[in-house]
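Tertiary structure, described
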Amino acid sequence: MEIKDDTKNLISRLKQGNTSALARAITLLEEGELDIPSVDHLIGKINKSVKIGVTGPPGAGKSSLIDWLIKHMRSAGELVGVLATDPSSPFTGGAILGDRIRMQHHFLDDKVFIRSLGSRGAQGGISRITRDASHLMQAAGYRFIILETVGVGQTELDIMNIADTVLVVLVPESGDFIQAMKAGLMEIADIFVVNKSDREGSKQLVNAINFLTETFPSEHGTWQTPVMLTNGLDGTGTPELFQTIQKHIEFMESHRETDLFLRKRMHGLKQLIVEQLSVRVDSVINEAVTDNYREELSDPSVSLYTILNRILRDKDLIKKILK
Ligand SMILES: Nc1nc2c(ncn2[C@@H]2O[C@H](COP(=O)(O)OP(=O)(O)OP(=O)(O)O)[C@@H](O)[C@H]2O)c(=O)[nH]1
Ligand SMILES: [Mg+2]
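What this report covers is the structure whose coordinates are included nearby.

Calculation criteria
- Residues numbered from 1 in each chain as written.
- Chains lettered and ligands numbered in written order.
- Predicted model: local features only at pLDDT ≥ 70, side-chain atom pairs only at ≥ 80, totals over all residues.
- Heavy atoms only, no water.
- Axes fitted to C-alpha atoms, helices over the stretch in contact; angles between N-to-C directions.
- Helix = DSSP H or I, 4+ residues; strand = E, 2+ residues; numbered from the N terminus.
- Parallel < 35°, antiparallel > 145°, perpendicular 65-115°, else oblique.
- Left-handed = near helix turned anticlockwise from the far one by under 90°.
- Contact = heavy atoms within 4.5 Å.
- Nonpolar A, V, L, I, M, F, W, Y, C, P; charged D, E, K, R; others polar.
- Expected span 1.5 Å × (residues − 1).
- Buried < 20%, exposed > 50% of the residue type's maximum accessible area, 1.4 Å probe, protein only.
- Arc of directions from axis to C-beta.
- Donors = N, O, S within 2.8 Å, 3.2 Å for Na, K, Ca; no water.

**Points about the packing of helix α12 (residues 259-292) against helix α15 (residues 315-322)**
Close contact between α12 and α15 brings their axes to 8 Å; oriented N to C, the two are set at 135°. By the criterion of interaxial angle, the relationship of α12 to α15 is oblique. Crossing geometry of α12 relative to α15 is assigned as right-handed. Here α12 contributes Leu-277, Arg-280, Val-281, Val-284, Ile-285, Ala-288 and Val-289 to the contact with α15, which in turn contributes Leu-317, Lys-320, Ile-321 and Leu-322. Here the contact of α12 with α15 is built from residues that sort into 9 nonpolar, no polar and 2 charged.

Shown next as structure tokens:
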């Protein structure tokens with residue numbers, strides 16, 4: 001992708017923390033008009049930031065809790081960015097009145113950037129946009145970047161590879177716990193949050209999750225996954241939740257050399273390599289293959305595997321792809 005002057009200008013303003021430049025860049029991402037690897041040299045070294053994934057069933061209170069977390073993070077003097085990927089989220093702007101009011105707590109705070117994401121037009125879907133948009137927010141200097149996703153399907157598990165700390169929010173509603181287990185949410189949690197502590201059964205749910213995490217130790221090394229009890233309406237338990245998030249951040253920072261950290265980075269890197277290669281293969285392969293392999297392609301007695309093996313040994317073609 002050719003880098004235009006206005007892209008340079010945009011990235012430079014974004015790096016100075018200009019929120020309209022950040023908003024514009026995210027829109028370009030959504031429209032598939034901005035490719036992060038090709039502007040990486042303009043972004044350069046990135047600031048330290050913490051990406052916090054907040055996932056869980058619809059209506060568990062994720063947005064309400066995020067609202068409280070923003071408050072605590074702002075009190076600590078930090079810039080906060082929020083990316084919501086759920087269309088029914090209050091952060092989507094076009095939400096119903098009650099949601100607007102909830103958002104207004106931070107509406108006038110220019111140190112808080114809230115944005116919902118859509119996947120219109122872009123390749124790679126919402127998790128790729130979330131990853132790339134959160135990278136831009138990091139470049140813009142946000143210390144805390146909160147990513148809200150509804151944890152219902154397999155793709156939502158990608159949050160694990162984007163976020164440094166994953167909160168899984170559950171409520172004492174019958175069936176939610178089982179659904180969460182089925183959806184694989186239990187494995188990706190760094191911190192469990194049982195929200196709606198005012199509801200009957202919330203303490204039992206805390207006990208059940210504690211039992212589960214003690215019986216099946218996580219793959220998260222020596223980190224013992226905590227279970228926090230919160231109320232998204234009055235904020236009870238949210239200062240403790242913020243403290244626990246900070247503890248997890250410290251844990252991750254002091255365990256950078258460990259398998260867990262490296263595995264996460266490696267996974268992210270592999271994903272990037274595969275994405276880049278597939279874009280390049282797409283643009284190179286049609287032309288080169290139809291030019292050089294037309295005969296084999298039109299001969300049904302030559303199997304595609306045979307052609308594949310020839311292509312993989314075709315140094316010129318591979319060079320073109322990697323160029
Ligand atoms: N009783 C009770 N209600 C709560 C609590 N926390 C949030 N709610 C309510 O639960 C509803 C859903 O809250 P949200 O914060 O929008 O939940 P969400 O998980 O972001 O929902 P989606 O984004 O739609 O998946 C709202 O009506 C909240 O007011 C709580 O601790 N107790
Ligand atoms: Mg929400």
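Additional details are given in the paragraphs that follow.
**Some details on helix α10 (residues 202-215)**
Over its 14 residues, α10 extends 20 Å from the first C-alpha to the last, a length consistent with the 20 Å expected when each residue adds 1.5 Å. Turning to α10, its buried residues number three or more, namely Ser-202, Leu-205, Val-206, Ile-209, Leu-212 and Thr-213. Projected down its long axis, α10 shows its buried positions confined to an angular sector of 130°, all on one face. Those residues of α10 that are exposed and angled more than 90 degrees off the buried face are Lys-203, Gln-204, Asn-207, Phe-211 and Glu-214. Turning to α10, the residues buried within the fold contact β5 (165-170), α8 (176-182), α9 (185-188), β6 (191-194) and β7 (227-229).

**Digging into the coordination of the magnesium ion (ligand 2)**
The magnesium ion (ligand 2) binds to the protein through Ser-63 (OG) and Glu-148 (OE), with metal-donor distances spanning 2.1 Å. Of the two residues, Ser-63 sits in helix α4 (residues 62-75) while Glu-148 sits in strand β4 (residues 144-150), which places them 85 residues apart along the sequence.

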